[in-house]
Amino acid sequence: MTAASVTPRPAALTGRVVAPDLARGVMLLFIVVANAPFYLWGQPSGLTSAHPPGATGLDLVWQTISIIVVDGRSYPMFAFLFGYGIWQLYRRQAEAGVDQATARRLLRKRHLWMIAFGGVHALLLWMGDVVGAYGLAGLILAAIFLDRRDFALKLTAGILAGLTAMWALSALAAGLLLPAVLPPGAFSMPSGEDVDLLRFAQAEDNYLIAAALRIGLWVVVTAAQLLGFIIPIAILIALVAARAGVLEQPENHLPLLRRVAIGGIAIAWGTGILVALQNAGQLLPDEYGWAWLGLNTLAGLCGGLGYVAVFGLIAARVRERPPGIVRGALQALGKRSLSGYLAQSVVFAPLMSAWGFGLGTHLSSWSITVIAIATWLVTVVLAALLERGGKRGPAEWALRRLVYPRDAS
């Protein structure tokens, strides 16, 4: 049998790498918690944060924790895990005897279907979908960089990170200097014209109009996520890490994992403290809150990489042991992360949006987070039940049927 005649086949549910699945399962909690404030329609929001301003009590406590630990930290981590998965799929097909051109077509088809999944997700439920952005980034980056040397990937990631840092520092400098030379209120919305730019699709009570708003916003958000460079940087770093087998053999990379975990999380949380102080009204005037956006975005990348490294360190200790109930359930959800992610919108969109039950206008930062955690726990239980039955998640099943040949088992 020649290499060209080998049929590409998907990965089995067993024998998978521990760290990525465990990380995905836990980070889905971060995703639902980070997205929850976008459903608090009917409340004011700024241009850079979905958290309602002027919070006090439990709401302020939770907003502070979320800004430091969660916000902007989860999607770079998932971008890294997605990029890591690109190389795992490509390498697995090569090891099975699939020729390079066929493996590339398989990846291209997968990424195109991910874009389609993201578009449908946005049209039906959630404007902030990231599946389409990952698919688009994967489509572009795999075509350009998949067979390039590590040096080219590192150089490109470094250039993009440098550009992001320049933008972040420029915005911060402007935010620090402009209040001294401009009159108060120069960047504030005129009275009576405050528009909730982050939640107006959820505030629309006509489902068809809301769907049109969502899909339009999704196109803008998807392009912005790529042009913001964080997702491409994370994917490029992941390709380099995957070639070295950092998560497959974490015990061989412990010094690297420790450095990334400590350094990345320290940068993310340290920057998050500043942003949380800004959110509490303790630093710059409220109208200059945008000054921290670039720096916090770059810190989010560091935090996402740091979180991945933590799960790599955990995997180094436990991967040879049989999983217990908790770890097994988290890994089960990680194997079905696309289904788990989409399930969050299936719960939140009709429950919170004005076209549905409209609960989003009655909740606050801490109370909607309780519902977010409960939603994640339900997906953990459902994933564990599917794992026990040897079944894939519905979204994974559909993507597999669309991407792989019908005769692939």
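Just so it is clear, the model here is predicted, and its values are computed rather than measured.

Observations concerning the confidence of the model for the protein chain
Scored by pLDDT, the protein chain has a mean of 90; 91% of the residues are at 70 or more. Long-range and interchain partners of residues 190-194, a stretch whose pLDDT sits below 50, account for one contact in this model, where long-range means more than four residues apart.

So, unusual backbone geometry
With a phi angle near 75°, Phe 229 is a residue other than glycine that sits in the positive phi range. With respect to the helices and strands, Phe 229 occurs in the loop between helix H7 (207-227) and helix H8 (230-243).

Here's the deal with the pattern of salt bridges
Counting across every chain of the model gives six salt bridges. When salt bridges with common partners are traced through the structure, they connect Lys 335, Arg 336 and Glu 387 into a single cluster.

Points about the packing of aromatic side chains
Within the structure shown, the criterion is met by nine aromatic pairs. When the ring of Phe 38 is compared with that of Trp 126, the centres are 6.0 Å apart and the planes differ by 70°; the resulting orientation is edge-to-face. Placement of Phe 38 in the loop between helix H1 (18-35) and helix H2 (57-69) and of Trp 126 in the loop between helix H4 (100-124) and helix H5 (131-145) is noted, with a sequence separation of 88 residues between them. Ring centres of Phe 80 and Tyr 84 lie 6.0 Å apart, and the angle between their planes is 35°; this geometry places the pair in the tilted category. Of the two residues, Phe 80 and Tyr 84 are both situated in helix H3 (residues 74-95); the distance of four residues between them amounts to about one turn of the helix. By relative accessible area, which is 6% here, Phe 80 ends up buried. Taken together, the ring pairs connect Phe 38, Tyr 39, Trp 126 and Phe 348 into an aromatic cluster. Of note, Arg 243 hangs over the ring of Trp 87, and the distance from its end group to the ring centre comes to 4.7 Å.

Quick look at the environment of Gly 263
Relative to the elements of secondary structure, Gly 263 occurs in helix H9 (residues 254-279). Distance from Gly 263 to Leu 295, taken between C-alpha atoms, is 16 Å for residues 32 residues apart in sequence.

As for H9
Between the first and last C-alpha of H9 there are 36 Å, a value that for 26 residues agrees with the 38 Å anticipated at 1.5 Å per step. Those residues of H9 lying buried are Leu 257, Ala 261, Gly 264, Ile 265, Ala 268, Thr 271, Gly 272, Val 275, Ala 276 and Gln 278. Packing partners of the buried residues in H9 comprise H2 and helix H10 (293-318). In the stretch just after H9, Gly 281 is the one whose phi turns positive, near 80°.

Focus on helix H14 (residues 394-403)
Listed as buried for H14 are Ala 395, Glu 396, Leu 399 and Val 403. Buried residues in H14, looked at end-on, bunch into an arc of 100°, giving them a common side. Packed against the buried residues of H14 are H4, helix H11 (325-335) and helix H12 (337-352).

Looking at the side chain of Glu 396
With respect to the element layout, Glu 396 can be found in helix H14. No salt bridge forms around the buried Glu 396; measuring N to O, its nearest opposite-charge neighbour Arg 336 is 6.3 Å away. One polar contact links the side chain of Glu 396 to the main-chain amide nitrogen of Ser 337, over a distance of 3.4 Å.

A look at the environment of Glu 287
Topologically, Glu 287 is positioned in the loop between H9 and H10. We classify Glu 287 as buried; its relative accessible area is 18%. Along the primary structure Glu 287 and Pro 179 are separated by 108 residues, whereas in three dimensions their C-alpha atoms are 9.6 Å apart.

Analysis parameters
Residues numbered from 1 in each chain as written. Predicted model: local features only at pLDDT ≥ 70, side-chain atom pairs only at ≥ 80, totals over all residues. Heavy atoms only, no water. pLDDT = per-residue confidence, 0-100. Contact = heavy atoms within 4.5 Å. Helix = DSSP H or I, 4+ residues; strand = E, 2+ residues; numbered from the N terminus. Salt bridge = Lys/Arg side-chain N within 4 Å of Asp/Glu carboxyl O. Phe/Tyr/Trp six-rings, centres within 6.5 Å; stacked < 30°, edge-to-face > 60°. Buried < 20%, exposed > 50% of the residue type's maximum accessible area, 1.4 Å probe, protein only. Lys NZ or Arg CZ within 6 Å of the ring centre and 35° of its normal. Expected span 1.5 Å × (residues − 1). Arc of directions from axis to C-beta. Lys, Arg positive; Asp, Glu negative; His and termini not counted. Polar contact = N/O pair within 3.5 Å; in protein donor to acceptor, adjacent residues only side chain to side chain.

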